[in-house]
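# Close look at the chain arrangement
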Amino acid sequence: DAEMLGTPDPELAATMGFSGFGKKARTFDLEAMFEQTRRTAVERSRKVLEAREREKEDQTEKEFRIPCTDSSVSASSATGPGSTLTGREAVCNEGEDDSNEALSGPSMQSQSSAKGPTEDTDDDDDDDDEEFIGPPLPPGFKDSDDDNDNDDTEEEDNNPVKKIPDSHEITLQHGTKTVSALGLDPSGARLITGGYDYDVKFWDFAGMDASLQAFRSLQPCECHQIKSLQYSSTGDVILVVSGNSQAKVLDRDGFPVMECIKGDQYIVDMTNTKGHTAMLNSGCWHPKIKEEFLTCSNDGTVRTWDVNNEKKHKSIFKPRSVQGKRVIPTTCTYSRDGKLIAAGCQDGSIQIWDRNMSVHTKFHCRQAHASGSDTSCLTFSYDGTVLASRGGDDTLKIWDIRQFKKPLNSAEGLPSFFPMTDCCFSPDDKILVTGTSVKKGGGSGKLFFFYRETFQKLYEIEVTDASVVRCLWHPKLNQIMVGTGNGLAKVYYDPVKSQRGAKLCVVKTKRKERQAETLTQDYIITPHALPMFREPRQRSTRKQLEKDRLDPMKSHKPEPPVAGAGRGGRVGTHGVTLSSYIVKNIALDKTDDSNPREAILRHAKEAEENPYWVAPAYAK
C-alpha cells in the first residue's frame, strides 16, 4: 500500500486514469532556454537563407556567400548576449540542433523568442515543427513587424494617458435632477441609472438605436432618492439602495424580488433589531457569494443580508468612535475577495472588519479624513492590496491597509458636494479616477485621472457645466460611464480600444415612426343587417389619416390627467374630500375684489330707482 501511495505502478496508473501522478515536476534551466532561443533564431535564419537560395540560384557562389554570413550573424547576434557564433558555424551546427531539439529545455516558440519567453504548457514540446508550415516569409518581414508592435505597446505602457478611452462620447438623458447612481451588469450589456427624481432607468446598449432612449423607467422606492444601484456578480438581480430604511432587490427587468425588513426604532440596542431603522447611505453585493449583500445606514450599523431571507439581516457590524460612541457609516464596500468589509464613517475614520468576525475591527484608521465630513466612496484595487477613499473634505487618498496609519498618497482640492461622489480604478489598476463638484454657474465639473503609483495628475475631462457625481470604468467594455448633477449619464469610449457597449447603439439609425395602418373609426361588420343600416365598406385608411393629421381639432392630443401629486408644473387632480373640493372652488371664484367700494355700491343705483327690499318696508 505504501508503495502504491508513493509512486504508482505505471500499468495501474494507466488503467486507473491518473497517469499524471507519475510525472516529475519540470525544472526550468535558464541556460537551456537561452540555447533554445538561439537555436530557433538560427532555424529562422536558415529558412530565410533557403528562400534567398531559390531566388538567386543563377548567381555565382561568391556573391551568395557574403549575404549568407551577414544575415545569419545578424540573426544570431539578435538572440542576445549569450550567443557568439559566426554565421558559418551556425549553419554547420544545424545538423546537431535538429537531433537535440526534442530534448533540450522547455520549448520556446520562434515567434515569441523575439518577445521573451511565453508561458510554457506541458504538451508543446514539439511545436517548433508546426511553426514553419507554408512558404517562408520574405527576409526581415517578421522581425520588423514584431519590433513595431513592441514599440507601440512600450509607448502605451510608458504613457498611460493613451489607455484612457475618451475619443468619443454619447449622452443619455436620464432626467433633469442629479444622477446619483449608476450600475452596469457584469457583461456590460445593460446600464441602469438612478437619480434624485426617484426614477430608475434601464438602458440596453444592444437594443437602443441612435435616439438613445431608455427601454424602461420606474420608481421602485416611491418618493425616495436613489442612493446606489448595483448588479450582482451574476447580473441577474439589482440592489437598489434609496433614502428609506429598506433596501430592495429587483430582477433584470425591474420586478421586485425582495425588500429588506424595517427594524423596530424603539429598541436601543441595534443588534436586536431585525433591520435598519433609519435612512440608508450605501450598499453593495458580495463579489463572490451571489446571494449576499451589504448595506449601511444612519442608525449607525453596517448589515449583511441574504436575498432568500428578507425577515432578518445575516450579521451586523457597529462602527465606534474613539470614545466608543455610535458613529454613522456613510459608505461601505467588500474587498475584492469578499473576506473584508470596509466602512467610511462620519468621524473621518475608515473601519475594516473580517466578514466573519463582527465585533472588533481588523484594521482601523482613526483620522483618514476630516471629522464631520461624509466619506463618499471606498473602493479596493483589482489586485486587492490597496484601498482608495474619496472624502467629503475634498481629498482622494490611497491606503495600504496593512500600514493603515498614513496614506500612501493623497490629492487635495477636489470639491465634492454629494454623499455619493465616486472613485474607481482603471481595468489595468494603474489609474485612479474621480469626479469633482461645482456650484451652479461655477465652471464645469471634471473627471480627474491620477497615476496610482505617484498620484501625479495624468489627465482631466471636462464633462459638463454641472457636478460629476458617479463614475464607473467597466473592465470588459473599457468604457467610462459618468453620472452628472444635471441629469445626464455620459459614456466615454474609443472605437478601437473599447468593446461593445456604446459602440453598438451609435451605429443604428433612428427608426422612423410608421403610421400604423389602423381603421380611422371602428368598422362594425353586420352581415345580416338591413341595407339601410349597413355601413359602407371602408377603403384605404391612409388617406383618411393624412386628412385627419391636417385637421387641428382631430389631431390634437388631449393632455393626460395627472395622477397623484402634481409634477412637471401641473397641479394634480383634487382629492375626493370636501375640503379639497371647496378649496378648488375658492380658487376658481373669478369675482374681482380689487375695488371693495365699487363692489359694495354695485347695486346702489338700481336699489334707489327700483326699491324692493328695504324702502317699501319702512314706507308706512
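Only a predicted model underlies this, so the values are computations on that prediction, with no experimental measurement involved. (Residues numbered from 1 in each chain as written. Predicted model: local features only at pLDDT ≥ 70, side-chain atom pairs only at ≥ 80, totals over all residues. Heavy atoms only, no water.)

This paragraph deals with the nonpolar core. Counting residues in each nonpolar core, the largest one holds 18 residues, and the members touching the most others are Ile 170, Leu 172, Leu 191, Phe 205 and Met 481. Looking at this core, the elements that each hand over two or more residues are β1 (168-173), β2 (179-184), β28 (488-493) and α9 (502-506). Beyond its immediate chain neighbours, meaning those up to four positions away, Ile 170 contacts Leu 212, Ala 489, Lys 490, Val 491, Tyr 493, Ala 502, Cys 505 and Val 506. Counting residues in hydrophobic clusters, the runner-up holds 15 residues, among them Cys 424, Ile 461, Trp 473 and Tyr 492. (Core = buried A, V, L, I, M, F, W, Y, C linked by side-chain atoms within 4.5 Å. Buried < 20%, exposed > 50% of the residue type's maximum accessible area, 1.4 Å probe, protein only. Helix = DSSP H or I, 4+ residues; strand = E, 2+ residues; numbered from the N terminus. Contact = heavy atoms within 4.5 Å.)

Further remarks concern the pairing of strand β3 (residues 190-195). The element β3 is largely enclosed, with a buried count of six among its six residues. Counting the residues that bridge the hairpin from β2 to β3 gives five residues, and of these Gly 188 lies at a positive phi of roughly 85°. Two successive antiparallel strands, β3 and strand β4 (residues 200-204), enclose a turn made up of four residues, where Tyr 198 displays a positive phi of approximately 70°. (Pairing = 2+ DSSP bridges.)

Taken as a whole, the largest pocket encloses approximately 1,200 Å³ of empty space. At the level of elements, β2, β6 (226-231), β10 (280-285), β14 (329-334), β18 (377-380), β22 (423-425) and β26 (468-474) are the ones that each hand at least two residues to the lining of the largest pocket. Broken down by class, the residue content of the lining of the largest pocket amounts to 23 nonpolar, 16 polar and seven charged. (1 Å grid on protein atoms, 1.4 Å probe; cavity = no way out; pocket = protein on both sides within 12 Å on 5 of 7 lines; lining within 4 Å. Points joined across faces, edges and corners; volume = space filled by probe spheres on them. Nonpolar A, V, L, I, M, F, W, Y, C, P; charged D, E, K, R; others polar.)

Right, let's get into the confidence of the model for the protein chain. For residues with low pLDDT, the predicted coordinates do not support detailed interpretation. For the protein chain, per-residue confidence averages 77 on the pLDDT scale, and 74% of positions sit at 70 or higher. Across residues 1-8, confidence stays below pLDDT 50; counting only partners more than four residues off in sequence or on other chains, it has four contacts. Here residues 142-149 is a poorly scored stretch, pLDDT under 50, and it has six contacts once near neighbours within four places are set aside; other chains count. (pLDDT = per-residue confidence, 0-100.)

Attention now goes to the pairing of β2. Of all six residues in β2, six are buried; the element is thus mostly enclosed. Pairing geometry for β2 and β3, over five bridges, is antiparallel. Paired with Leu 184 across the bridge in β3 is Leu 191.

Glancing now at the packing of aromatic side chains. Taken as a whole, this structure holds nine aromatic pairs when the rule is applied. Between the aromatic rings of Tyr 196 and Phe 418, the centroid separation amounts to 6.3 Å while the plane-to-plane angle is 50°, which identifies the pairing as tilted. With Tyr 196 in the loop between β3 and β4 and Phe 418 in the loop between β21 (409-411) and β22, the pair connects residues that are 222 residues apart, well separated along the chain. Phe 418 shares its class with Tyr 196; the two are buried. Pairing Phe 449 with Tyr 459 gives two aromatic rings, centres 5.9 Å apart and planes at 55°, and the pair type is tilted. Here Phe 449, found in strand β24 (residues 445-451), pairs with Tyr 459, found in strand β25 (residues 457-464); they are ten residues apart in sequence, far enough to count as distant. Accessibility expressed as a relative area gives 0% for Phe 449, which makes it buried. (Phe/Tyr/Trp six-rings, centres within 6.5 Å; stacked < 30°, edge-to-face > 60°.)

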